[in-house]
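# Analysis of the macromolecular model
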Amino acid sequence: MKILIYPHDLRIGGSQVNAIELGAAVRDLGHSVVIFGQPGTLTRKVRELDLEFIQAPAPRKRPSPSVCAALGKLARGRMLDVLHGYEWPPALECLIASRLVPGCSSMATVMSMAVAPFIPRTMPLLVGTEQILKAESDFGRERVGLLEPPVDVVANSLTAVAGQDKFRERFGLIDQGPRSCLRFTACPGVEA
């Protein structure tokens, strides 16, 4: 499968990091994945994970006709199967572009605390909490699923965090092991 992932903003953000990391995981499963968007701080992460980055035109308003046209041209030229937008502007732009290309579909992931009501109910959607999933199902969405915000447990492990021993020492934290919480020793009986 050929997939384009379009994060909302590559300057910074949890949803964007998730989009990039999940893109690399999908690629590792044998699919072709490209990342599309405006360059930013997170472009480095795209390169570190050895994903292809394609620069989007700068949008003037959202949804952007120039971005939709670029997505459509890219989808046609590369015979992309799925355009996956993260948050509402990319979701709408992916939806519009996919309708211009036979055989191409679109989907959205919204990790914000609410889903914009103007995202069509027919668009496949992933959300980040059970409460939002219920609200969207009650709203009439038939193709909505839950994707709780993932954490890269290797890159974000206690042993991978530089300076963690000094941090623990400074704040009186004791390591209870990788599966339990850290506890404040300065406050007996109180767990963090």
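Attention here is on the structure that accompanies the text.

What counts and what doesn't
- Residues numbered from 1 in each chain as written.
- Predicted model: local features only at pLDDT ≥ 70, side-chain atom pairs only at ≥ 80, totals over all residues.
- Heavy atoms only, no water.
- Helix = DSSP H or I, 4+ residues; strand = E, 2+ residues; numbered from the N terminus.
- Buried < 20%, exposed > 50% of the residue type's maximum accessible area, 1.4 Å probe, protein only.
- Contact = heavy atoms within 4.5 Å.
- Areas by Shrake-Rupley, 256 points an atom, 1.4 Å probe, with all protein chains shown as cover.
- Expected span 1.5 Å × (residues − 1).
- Salt bridge = Lys/Arg side-chain N within 4 Å of Asp/Glu carboxyl O.
- Patch = residues over 30% accessible without salt bridge, like charges linked within 9 Å, V, L, I, M, F, W, Y side chains within 5 Å.
- Pairing = 2+ DSSP bridges.
- Right-handed = clockwise from strand over helix to strand, strands pointing away.
- Phe/Tyr/Trp six-rings, centres within 6.5 Å; stacked < 30°, edge-to-face > 60°.
- Axes fitted to C-alpha atoms, helices over the stretch in contact; angles between N-to-C directions.
- Parallel < 35°, antiparallel > 145°, perpendicular 65-115°, else oblique.
- Left-handed = near helix turned anticlockwise from the far one by under 90°.
- Nonpolar A, V, L, I, M, F, W, Y, C, P; charged D, E, K, R; others polar.

The helix and strand tally for the protein chain stands at six helices and nine strands. Expressed as a percentage of its 192 residues, the buried residues of the protein chain come to 40%. Partitioning the contacts of the protein chain with sequence separation of at least 6, the portion at a separation of at least 24 is 45%. Counting only carbon and sulfur atoms, one obtains 58% of the accessible surface of the protein chain, whose full area is about 11200 Å².

We now examine helix α4 (residues 88-99). Its twelve residues give α4 an end-to-end C-alpha distance of 17 Å, which sits within 8% of 16 Å, the value for a rise of 1.5 Å per residue. Along α4, nine of the twelve residues are buried, which leaves the element largely enclosed by surrounding structure. Turning to α4, its buried residues number three or more, namely Pro-89, Pro-90, Ala-91, Leu-92, Glu-93, Cys-94, Leu-95, Ala-97 and Ser-98. Next to the buried residues of α4 lie β1 (2-6), α3 (65-78), β4 (82-86) and β5 (105-110).

What follows deals with the pattern of salt bridges. Using the criterion set out here, one finds eight salt bridges in the structure. We note a salt bridge from Asp-9 to Arg-11, for which the minimum N-O separation is 2.6 Å. What makes Arg-11 exposed here is its relative accessible area of 56%. Here Arg-62 ties to Glu-93 by a salt bridge, and the two come within 2.9 Å at their closest N and O atoms. Of this pair, Arg-62 sits in the loop between β3 (52-55) and α3 while Glu-93 is found in helix α4, placing the two residues 31 residues apart along the sequence.

Take a nonpolar patch on the surface next. Nonpolar side chains collect at one region of the surface, where Val-151, Val-153 and Val-154 lie side by side and expose about 320 Å² of accessible area between them. The residue Val-154 is located in the loop between β7 (144-146) and α6 (164-171) in this model.

This next bit is on the pairing of β4. With five of five residues buried, β4 lies mostly within the body of the structure. Sheet topology places β1 next to β4; four bridges connect them, and they run parallel. By the bridge assignment, Ile-5 is partnered in β4 with His-84. As paired strands, β4 and β5 are joined by five bridges and run parallel to one another. Paired with Gly-85 across the bridge in β5 is Ala-108. Crossover handedness for the path β4 to α4 to β5: right-handed.

Turning to the packing of aromatic side chains, a few remarks are in order. Taken as a whole and judged by the stated rule, the model has two aromatic pairs. Measuring from ring centre to ring centre gives 5.0 Å for Tyr-6 and Phe-36, while their planes differ by 90°; the resulting arrangement is edge-to-face. Residue Tyr-6 is found in strand β1, and its partner Phe-36 is found in strand β2 (residues 32-37); the two are separated by 30 residues along the sequence. The pair formed by Tyr-6 and Phe-36 is uniform in burial state, with each residue classed as buried. An angle of 90° between the planes, with centres 5.1 Å apart, marks the rings of Trp-88 and Phe-118 as edge-to-face. Taken as a pair, Trp-88 in helix α4 and Phe-118 in the loop between β5 and β6 (125-127) lie far apart in primary sequence, 30 residues in all. By relative accessible area, which is 46% here, Phe-118 ends up partly exposed.

Now for the packing of α3 against α4. Put simply, α3 and α4 touch, their axes get as near as 8 Å, and they point 50° apart. In this view, α3 runs oblique relative to α4, as classed from their interaxial angle. The handedness of the crossing between α3 and α4 is right-handed. Contact residues: α3 offers Val-67, Cys-68, Leu-71 and Gly-72, while α4 offers Glu-93, Cys-94, Ile-96 and Ala-97. Here the residues of the contact of α3 with α4 sort into six nonpolar, one polar and one charged.

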